[in-house]
Amino acid sequence: MKPLRRACLRTALALAAAPLLSSAPFSAHADAWPQRPIRLLVPYGPGGSSDVVARAVAVEMSRDLGQQVIVENKGGGQGSIATVEAARARPDGYTLILGHVGTLAVNPTMMPNLSYDPRRDFAPIILLAKLPMVFAVGAKVPAATLPEFVALARAKPGVLNYGSAGNGSAGHLAFEMLKTAAAIDVVHVPYKGTGAQVTDLLAGNIDAAAAGIPGLLPHAQAGKIKIVAVGSAQRLPILPDVPTVAEQGYPGFESSQWFGLLAPAGTPQEAISRLQAAAQRALRTDAVRQRLAHDAAEPSGAGPAEFAAFIDAEERRWSQVVKDARLSAE
């Protein structure tokens with residue numbers, strides 16, 4: 001074959017292959033993903049359990065993926081501001097949201113005009129961890145146990161108050177469950193995050209609070225607040241002397257918050273799988289396990305299908321709590 005003819009044939013073959021290459025699926029380039037940093041939106045302010053879990057996992061995932069996973073706290077709107085932003089983000093794997101019991105299981109019932117749909121707008125990646133709620137009272141409150149706090153609240157209906165990280169937060173729902181179980185009237189004071197809530201509890205501006213261990217334990221150890229109960233089914237190793245709510249007269253009571261990673265709906269499966277694998281490896285590292293154990297959090301690792309089913313079950317459970325307590329977003 002003459003040189004000129006061979007050159008023409010090579011050119012023709014290259015042109016014929018070009019459309020096939022340009023339309024190649026994401027999987028053909030999966031090994032090259034990610035090529036830039038990944039944003040992990042946290043729908044609550046810094047200092048709370050969501051922030052602690054997100055940052056611990058993000059550090060290890062960054063090492064695994066070869067690109068930084070950048071945590072961005074965007075509180076407000078009962079967690080809906082960050083969640084809506086994630087739902088509307090380009091589904092390319094570079095924007096993730098830290099899913100939470102409040103944003104995925106509570107808001108759909110509490111906020112009838114919600115701007116996102118947990119099922120339609122997101123692709124579940126992995127359930128990271130579950131974290132028991134704890135109940136605390138201020139140092140000046142004349143109660144050192146849950147029964148004493150309940151007795152005080154019954155003696156002063158509508159006078160005592162409690163803080164939470166915001167309407168629809170795990171602490172809000174946990175305390176409303178307690179109010180219903182104990183038949184007490186305690187006023188809710190919502191904050192924009194756990195940090196602000198705890199600051200006012202320490203200052204004596206609110207009487208009680210429900211939150212995850214990270215925000216409350218250091219202050220309890222310093223004697224500045226009193227943890228009177230844990231919301232888990234069993235006592236926590238980190239708080240062996242603090243009885244559960246169930247032990248103190250309310251059988252069957254259990255309240256935990258949970259966290260997971262989700263991406264915008266339509267994110268390629270290859271990216272979902274890569275993120276899931278990186279997160280699962282992160283949960284197995286000593287650094288993350290020690291961080292979670294320090295906060296009495298239980299690592300999960302449930303994948304997309306199991307996480308999706310878990311969200312559905314939690315939404316059914318918490319929607320009943322919202323209805324029983326007659327809660328609304330206002």
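Conventions we followed
Residues numbered from 1 in each chain as written. Predicted model: local features only at pLDDT ≥ 70, side-chain atom pairs only at ≥ 80, totals over all residues. Heavy atoms only, no water. Helix = DSSP H or I, 4+ residues; strand = E, 2+ residues; numbered from the N terminus. Contact = heavy atoms within 4.5 Å. Lys, Arg positive; Asp, Glu negative; His and termini not counted. Charge placed at Lys NZ, Arg CZ, Asp CG, Glu CD. Core = buried A, V, L, I, M, F, W, Y, C linked by side-chain atoms within 4.5 Å. Buried < 20%, exposed > 50% of the residue type's maximum accessible area, 1.4 Å probe, protein only. pLDDT = per-residue confidence, 0-100. Pairing = 2+ DSSP bridges. Phe/Tyr/Trp six-rings, centres within 6.5 Å; stacked < 30°, edge-to-face > 60°. Salt bridge = Lys/Arg side-chain N within 4 Å of Asp/Glu carboxyl O. Arc of directions from axis to C-beta. Right-handed = clockwise from strand over helix to strand, strands pointing away.

(A) Region of interest: the overall build of the chain. Within the chain, the secondary structure is distributed over 11 helices and 10 strands. With respect to the principal axes defined by its C-alpha atoms, the chain has extents near 100 × 40 × 30 Å. Pairs at least 24 residues apart make up 79% of the contacts formed inside the chain by residues separated by at least 6 positions. Taken as two groups, the 31 positive and 27 negative side-chain charges of the chain have centres that lie 9 Å from each other.

(B) Representation of the nonpolar core within the structure. With 55 residues, the main nonpolar core has Phe135, Phe149, Phe175 and Trp258 as its most contacted residues. Beyond its immediate stretch of four places on either side in the chain, Phe135 contacts Ala174, Phe175, Leu178, Ala209, Ala210, Lys226, Ile227, Val228, Ala229, Gly231, Val245 and Phe253. Counting residues in hydrophobic clusters, the runner-up holds 34 residues, among them Leu40, Val42, Ile126 and Ala271.

(C) Highlighting the confidence of the model for the chain. Summarising the model, the chain shows a mean pLDDT of 89, and 90% of its residues fall at 70 or more. Ignoring residues within four places in sequence, the model shows residues 11-30, a span with pLDDT below 50, making 8 contacts including any to other chains.

(D) How the structure looks around the pairing of strand β6 (residues 187-190). Across 4 bridges, strand β5 (residues 161-164) lies against β6 in parallel orientation. Opposite Gly163, over in β6, you have Val189 as the bridge partner.

(E) Structural context of the packing of aromatic side chains. Taken as a whole and judged by the stated rule, the model has 8 aromatic pairs. Taking the centre distance of 6.3 Å and the plane angle of 75 degrees together, the rings of Tyr116 and Phe122 count as edge-to-face. Since its relative accessible area comes to 4%, Tyr116 is described here as buried. The class for Phe122 is buried, based on a relative accessible area of 5%. Centre to centre, the rings of Phe149 and Phe175 are 6.3 Å apart; their planes meet at 85 degrees, and the pair counts as edge-to-face. In this pair, Phe149 sits in helix α5 (residues 146-155) while Phe175 sits in helix α6 (residues 170-182), placing the two residues 26 residues apart along the sequence.

(F) Here's a closer look at the pattern of salt bridges. Tallying each qualifying case throughout the model produces 15 salt bridges. Here Arg119 ties to Glu315 by a salt bridge, and the two come within 3.1 Å at their closest N and O atoms. Remark: Glu315 occurs in helix α11 (residues 304-325) and Arg119 occurs in the loop between α4 (101-110) and β4 (122-138); sequence separation between them is 196 residues. Judged by relative accessible area, which is 13%, Glu315 ranks as buried. One network of salt bridges, with partners in common, ties together Arg39, Glu72, Lys74 and Glu85.

(G) Layout of helix α7 (residues 194-203). Along α7, the residues classified as buried are Thr194, Gln197, Val198 and Leu201. Projected down its long axis, α7 shows its buried positions confined to an angular sector of 95 degrees, all on one face. Close packing links the buried residues of α7 with β4, β5, β7 (208-212), α8 (213-221) and β8 (225-230).

(H) Quick peek at the environment of Gln234. In this fold, Gln234 is placed in the loop between β8 and β9 (256-264). Note: C-alpha distance between Gln234 and Ala297 (63 residues apart in sequence) is 13 Å.

(I) Broad picture of the environment of Leu262. Within the element layout of this structure, Leu262 appears in strand β9. Between the alpha carbons of Leu262 and Thr83 there is a distance of 10.0 Å; along the sequence they are 179 residues apart.

(J) How the structure looks around the pairing of strand β2 (residues 69-73). Here strand β1 (residues 38-42) runs beside β2; their pairing, made up of 5 bridges, is parallel. When the sheet's bridge partners are listed, Leu40 is paired in β2 with Val71. Between β1 and its parallel partner β2, the chain crosses via helix α2 (residues 49-65), and the hand of that crossover is right-handed.

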